[in-house]
Amino acid sequence: PAEKGWVANYLHQYQGFWHTTRQLQGVLACQKHFQAHHTDILLVTTPKSGTTWLKAIMFALMNRARFPDPKQHPLLTNNPHVLVPFLELEYIDTQFPDFTSFISPRLFSTHLPFVSLPKSVEDSGCKFVYLCRNPKDTFVSLWHFTNKLRKPKEKVENSLEEAFDKFCRGVSLCGPFWDHVLGYWKQSLEDPERVLFLKYEDLKKKPKALLRRLSEFLGCPFSQEEENYGVTDEILNLCSFDKLSNLEVNKTGKLPSGEENCTFFRRGEVGDSMNYLTADMLEKMDRITEQKLKSCGLSLL
Ligand code: A3P
């Protein structure tokens, strides 16, 4: 089924989740053709959960031996989405992507729900890092993002109220939001060696502790020498909102797909939804979140 979405496009439901036409084309092709390796790392998010930030962090972490000089780092001149591609979006052209130049372990990101992962991913046993964010802030961030992406002639209906109603009904990009989160949350409980489940809010609160945890999960822990040298601080500074959003490439550059790099940086704070949603809306979202997640032992309020 198709529903007129607020992503300047129709949203199509596939395997229980909503995708744009362009995205769905990539999902189908990637399901059919992507060959995962056992050593691959997949960074999974719902849109606007902090993907850009964690892409930067994981790229810097996993490639720290290749790029030891923070003044010469590729993140200074490339948007994180160029350095860590979205798997399914690589498959939207008729020509399939060539990943042979990727150094092992290959790092990809994806918005694919767990049920829609290519079979080769399941078979490979590769690792996942899932980043989620509280749905109120995720929704507000997504609303701003889709408004920015709309072309002038499409700037018609996208009221906050209508978008909110749809999000709560599960009709949002890669939604239902809660089902997406739960798919990976359950996997992380079943197989914590394979799935690391992180929250944006925790990453804001205790970035160094999570960076260390991430490095251990990925099998590349920091040595004492690196700790003494301050490599963790170096990575976090390089990937901070202020640093990334003020780089020339992220102020004026565009992705090959046409999106302006600046659209991925807005406020980068926890709780900004309080500035946009009414008390009733906040309460409604909290109620849904509690109902959907309570029995699974996950809190995202
Ligand atoms: P806001 O719109 O709330 O500011 P994604 O990368 O998944 O598209 O998510 C985008 C959200 O992450 C935006 O949230 C953006 O500002 C925020 N963000 C981007 N880079 C960040 C960083 N380095 N640190 C913290 N938040 C960041």
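Residues numbered from 1 in each chain as written. Predicted model: local features only at pLDDT ≥ 70, side-chain atom pairs only at ≥ 80, totals over all residues. Heavy atoms only, no water.

Draft legend 1. Looking closely at the overall build of the chain. Helix and strand counts for the chain stand at 14 helices and 7 strands. In summary, the chain has a C-alpha radius of gyration of 19 Å against a globular reference of 19 Å for 301 residues, a match within 12%. Viewed in the frame of its principal axes, the chain has a C-alpha envelope of about 55 × 45 × 40 Å. Counting all 301 residues of the chain, 54% fall into the buried class. (Helix = DSSP H or I, 4+ residues; strand = E, 2+ residues; numbered from the N terminus. Rg over C-alpha atoms; globule rule 2.2 N^0.38 Å. Buried < 20%, exposed > 50% of the residue type's maximum accessible area, 1.4 Å probe, protein only.)

Draft legend 2. Region of interest: unusual backbone geometry. Going from S104 to P105, the amide bond is cis rather than trans, its omega being 0 degrees. Turning to its location among the elements, P105 is positioned in the loop between α3 (80–83) and β5 (107–110). Cis geometry marks the peptide bond from G175 to P176, where omega comes out at 0 degrees. Among the structural elements, P176 can be located in the loop between α6 (160–169) and α7 (177–190).

Draft legend 3. Spatial organisation of the packing of aromatic side chains. One pass over the full model with this rule turns up 22 aromatic pairs. Here F145 and F264 contribute two aromatic rings whose centre-to-centre distance is 5.5 Å and whose plane-to-plane angle is 50 degrees, an arrangement assigned as tilted. Placement of F145 in helix α5 (residues 135–149) and of F264 in the loop between α13 (248–252) and α14 (279–293) is noted, with a sequence separation of 119 residues between them. Of the two residues, F145 and F264, neither departs from the other in class, the shared state being buried. Grouped by ring-pair contacts, the aromatic residues F34, Y91, F96, F99, F102 and F108 constitute a single cluster. Lying over the aromatic face of Y200, R133 brings its terminal NZ or CZ to 4.1 Å of the ring centre. Stacked on the ring of W53, the Lys or Arg K204 has its end atom at 5.8 Å from the ring centre. (Phe/Tyr/Trp six-rings, centres within 6.5 Å; stacked < 30°, edge-to-face > 60°. Lys NZ or Arg CZ within 6 Å of the ring centre and 35° of its normal.)

Draft legend 4. Molecular detail of the site of the ligand. Taken together, 17 residues lie near the ligand, and K48, T51, T52, S141 and R267 sit nearest. Side-chain polar atom of Y200 to a nitrogen atom of the ligand: 2.8 Å apart, as the coordinates give it. Within the side chain of R266, an N or O atom sits 2.7 Å from an oxygen atom of the ligand. Alone, the ligand offers 560 Å² of accessible surface; in the complex the protein occludes 97% of this. (Near = heavy atom within 4 Å. Polar contact = N/O pair within 3.5 Å; in protein donor to acceptor, adjacent residues only side chain to side chain. Areas by Shrake-Rupley, 256 points an atom, 1.4 Å probe, with all protein chains shown as cover.)

Draft legend 5. Quick look at helix α1 (residues 21–33). Over its 13 residues, α1 runs 19 Å from end to end, which matches the ideal 18 Å to within 8%, given 1.5 Å per residue. Here α1 has its buried residues at Q23, L24, G26, V27, A29, C30 and Q31. Here the buried face of α1 lies against β2 (10–14) and β3 (17–20). (Expected span 1.5 Å × (residues − 1). Contact = heavy atoms within 4.5 Å.)

Draft legend 6. Highlighting the environment of L210. Within the secondary structure, L210 is located in helix α9 (residues 207–217). Here L210 falls in the buried class, since its relative accessible area comes to 6%. Along the sequence, L210 and K199 sit 11 residues apart, while their C-alpha atoms lie 9.7 Å from each other.

Draft legend 7. Just the side chain of S120, in detail. Along the chain, the position of S120 falls in helix α4 (residues 119–124). Accessibility expressed as a relative area gives 13% for S120, which makes it buried. With near-sequence residues (within four places) excluded, S120 lies in contact with F34, Q35 and A36.

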